[in-house]
Amino acid sequence: MERIGKFLRDREEKRLLRVLRPARFRKEGKIYFKDKSFIDFSSNDYLGLSGHPKIKEAAEKSITALGTSSSASRLLSGDLNIHHELEKRIASFKEKEDALLFNSGYQANVGIISSLLRKGDAVFSDKLNHASIIDGMLLSGAKIFRFRHNDTEHLEFLLKSQRNNYKDSLIVTETVFSMEGDKPPLGELVFLKEKYSSMLLVDEAHATGVFGEKGKGVVEEAGMAGRIELIMGTFGKAMGSFGAYVACSSELKKYFVNSARSFIYSTSLPPSIIGANLAGLDLIEEEPFRRSTLLRNSDYFRQELGKRGFSARGTSQIVPLIFGDSEKAAKISRDLQKEGYWVLPIRPPTIPEGEARLRFSLTYHHTKDMLEKLIDDISKVSHV
Ligand code: PMP
């Protein structure tokens, strides 16, 4: 196809071609390539759990007991007791009646949104919501309204003028935005969804394990679980494993089991992953110091960058440092690589034009000393 060659040439010319860069392995916050290692600021292993002995042991035990695959979808013979055990744990963790597992966060958002909504319905989505949310909305056939990032005035304007023209309505937001590192005004969103008879879906992919006294997420922090219909989250980030879920009512769960195609038509998560996820939930409870240290260090990092004149956004463990120009962000990333850091530039189309950035994803492995040195190195390579 002619279009393919043209697309690739175009991306290359604009220096926006995405390429894969396999590492040999990752360990304790470092990433190891053929002949070099770097401190890794690009992973979502926020609590440093991905190599935790308890999680590895739990995965191994599950393999020994139950094999390496579930070998079928949940609705055929791939439904094991441990899937249900994990769902019960998540429901209680997220303070909802029930929960349903999905194979990934991507599949969860696509499945939840596309099965909930149809032509004639409306969905109101924050402009910076993740691609999986966008794809779910597109697949649903519902009318999509995108409100300016975290702008509830704009959302209310859209609800006021449009809500009555549609049958069912859903508002969707992330609770920690993956590229901005900030949080939404959750209380106002809940107020609006109630005022305009909508449901609310929150994506806690980057918040679970990190926020809230018990690490349940931003919904816990805001005390809002009882008023939010759909709380989605993932295991591939702070939980150090893989997979995803939605916590919701038993009725909604039953509905998804019967209608969410990404749930129905996919081999269920294997025993090793379920075992790992159960152990991950234990560790969130048992080792709260991981999240408190992470958030303390993240505040320090952001504040110190601010003092040095940098534009560091967000209010979480995700710290985007805005440089504007794509070339500049790419060059600083290369220069930081020479200093031993693995932090990649985020450029359009992932983020808006003119907002190219380095996205520092902080984890429990990044000590205050490391961050102090990093701040000096950022200053050095960007001549501020
Ligand atoms: N939602 C958000 C906000 C995300 O950032 C991501 C992953 N980057 C996903 C969903 C998808 O989750 P998964 O990686 O488990 O597919």
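Student: Teacher, can you tell me more about the sheet that holds strand S6 (residues 143-147) here?
Tutor: Through backbone hydrogen bonds, the strands of a sheet pair up, either in parallel or in antiparallel fashion. Taking strand neighbours across the sheet as the criterion, the seven strands line up as S4-S10-S9-S8-S7-S5-S6 in an open arrangement whose pairing is mixed. Across the chains shown, the open sheet's two edge strands, defined by having one partner strand only, are strand S4 (98-102) and S6. Each strand of the sheet is rotated relative to its neighbour by a mean of 20°, with strand direction disregarded. Two strands pair when backbone bridges link them, and strand S5 (residues 122-126) and S6 are joined in this way by five bridges, in the parallel orientation. Its bridge partner lying in S6, Val 123 is registered against Ile 144. Strands S4, strand S7 (169-174), strand S8 (199-203), strand S9 (230-234) and strand S10 (244-248) of the sheet are contacted by helix H4 (residues 105-116), whose axis makes an angle of about 160° with S9. Across the sheet, helix H9 (residues 250-259) is in contact with S4, S9 and S10; its angle to S4 comes to roughly 25°.

Student: Can you help me understand the side chain of Ser 125 in this one?
Tutor: Among the structural elements, Ser 125 can be located in strand S5. Residue Ser 125 is classed as buried on the basis of its relative accessible area, which comes to 0%. One polar contact links Ser 125 to Asn 129, side chain to side chain, over a distance of 2.9 Å. Setting aside residues no more than four positions away along its own chain, Ser 125 makes contact with Ile 133, Met 137, Phe 145, Arg 146, Phe 147 and Val 172.

Student: I keep staring at the pattern of salt bridges and nothing clicks. Help me out?
Tutor: Any two side chains of opposite charge can pair, given that their charged atoms come close. Under the definition given, this model contains 30 salt bridges. Glu 286 is the salt-bridge partner of Lys 54, the closest N and O atoms lying 2.9 Å from each other. Highlighted residues: Lys 54 in helix H2 (residues 53-66) and Glu 286 in helix H11 (residues 271-286), separated in sequence by 232 residues. The class of Lys 54 is partly exposed, set by a relative accessible area of 43%. A salt bridge links Lys 338 to Asp 335; the nearest nitrogen and oxygen atoms lie 3.5 Å apart.

Student: Honestly, the layout of surface pockets in this entry has me stumped. Any pointers?
Tutor: If you roll a probe as big as a water molecule over the atoms, it shows you where there is empty space left. By volume, the largest pocket is sized at about 1600 Å³. The set of elements that each furnish at least two residues to the lining of the largest pocket consists of helix H5 (131-140), helix H13 (326-338), strand S13 (345-346) and strand S14 (356-361). Classifying every residue of the lining of the largest pocket by side-chain character gives 18 nonpolar, nine polar and 13 charged. For the lining of the largest pocket, the two domains that each supply at least three residues are domain 1 (16-47 + 288-382) and domain 2 (53-286).

Student: Would you take a moment to explain the pairing of strand S11 (residues 318-324) for this structure?
Tutor: In the case of a regular strand, side chains alternate between the two sheet surfaces. Of all seven residues that make up S11, seven are buried, and the element is covered over most of its length. Burial along S11 is two-sided: the face carrying Ile 318, Pro 320, Ile 322 and Gly 324 and the face carrying Val 319, Leu 321 and Phe 323 are both buried. Bridging between S11 and S14 involves six bridges; their strand directions are antiparallel. Bridged to Gly 324 within S14 is Ala 356.

Student: How do you make sense of empty space enclosed by the protein when you look at a structure like this?
Tutor: The final tally for this structure, using the stated rule, is two cavities of 30 Å³ or more. Roughly 70 Å³ of internal volume is contained in the largest cavity. As for the largest cavity, its lining consists of Arg 74, His 83, Leu 101, Phe 102, Asn 103, Ser 262, Phe 263, Ser 266, Ser 268 and Leu 269. Empty space within the second largest cavity amounts to approximately 40 Å³. In terms of lining, the second largest cavity is formed by Phe 93, Lys 94, Glu 95, Glu 204, Lys 216, Val 219, Glu 220, Ala 225 and Ile 231. Split into classes, the residues belonging to the lining of the second largest cavity amount to four nonpolar, no polar and five charged.

Student: Help me understand the site of the ligand, please; the structure alone is not making it clear to me.
Tutor: Around the ligand sit 13 residues, and of these Gly 105, Tyr 106, Asp 203, His 206 and Lys 237 come closest. Here an oxygen atom of the ligand sits 2.7 Å away from a polar atom, N or O, in the main chain of Gly 105. A distance of 3.3 Å separates a nitrogen atom of the ligand from a polar side-chain atom of Lys 237. For the ligand, whose free accessible area comes to 390 Å², the fraction covered by protein is 81%. Per-element accounting of the shell around the ligand gives the leading share, three residues, to H4. In terms of residue class, the shell around the ligand is made up of two nonpolar, eight polar and three charged.

Student: Which parts of the structure should I look at to understand the domain arrangement of the protein?
Tutor: Quoted interface sizes are often the accessible area lost when the parts come together. One can read the domain layout of the protein as domain 1 (16-47 + 288-382) and domain 2 (53-286). Taking only C-alpha atoms, the centre of domain 1 and the centre of domain 2 are 26 Å apart. At the interface, 22 residues of domain 1 touch 22 residues of domain 2. Counting the surface domain 1 buries against domain 2, the share from its top three residues, Asn 44, Leu 47 and Arg 291, is 30%. There are two salt bridges connecting domain 1 and domain 2. Across the pair Glu 180 and Arg 357 runs a salt bridge, and its minimum N-O distance is 2.7 Å. On inspection of domain 1 and its partner domain 2, the count reaches 11 residue pairs in polar contact (both at pLDDT 80 or more). When residues of the side of domain 1 that touches domain 2 are traced back to their parent elements, those giving at least two are helix H12 (289-307), S11 and S14. For the side of domain 1 that touches domain 2, the element with the highest residue contribution is H12, accounting for four residues. Considering only residue class, the side of domain 1 that touches domain 2 consists of nine nonpolar, six polar and seven charged.

Parameters and conventions
Residues numbered from 1 in each chain as written. Predicted model: local features only at pLDDT ≥ 70, side-chain atom pairs only at ≥ 80, totals over all residues. Heavy atoms only, no water. Pairing = 2+ DSSP bridges. Helix = DSSP H or I, 4+ residues; strand = E, 2+ residues; numbered from the N terminus. Axes fitted to C-alpha atoms, helices over the stretch in contact; angles between N-to-C directions. Contact = heavy atoms within 4.5 Å. Buried < 20%, exposed > 50% of the residue type's maximum accessible area, 1.4 Å probe, protein only. Polar contact = N/O pair within 3.5 Å; in protein donor to acceptor, adjacent residues only side chain to side chain. Salt bridge = Lys/Arg side-chain N within 4 Å of Asp/Glu carboxyl O. 1 Å grid on protein atoms, 1.4 Å probe; cavity = no way out; pocket = protein on both sides within 12 Å on 5 of 7 lines; lining within 4 Å. Points joined across faces, edges and corners; volume = space filled by probe spheres on them. Nonpolar A, V, L, I, M, F, W, Y, C, P; charged D, E, K, R; others polar. Domains from an automatic or database assignment. Near = heavy atom within 4 Å. Areas by Shrake-Rupley, 256 points an atom, 1.4 Å probe, with all protein chains shown as cover. Buried area = accessible area lost by both parts, 1.4 Å probe.

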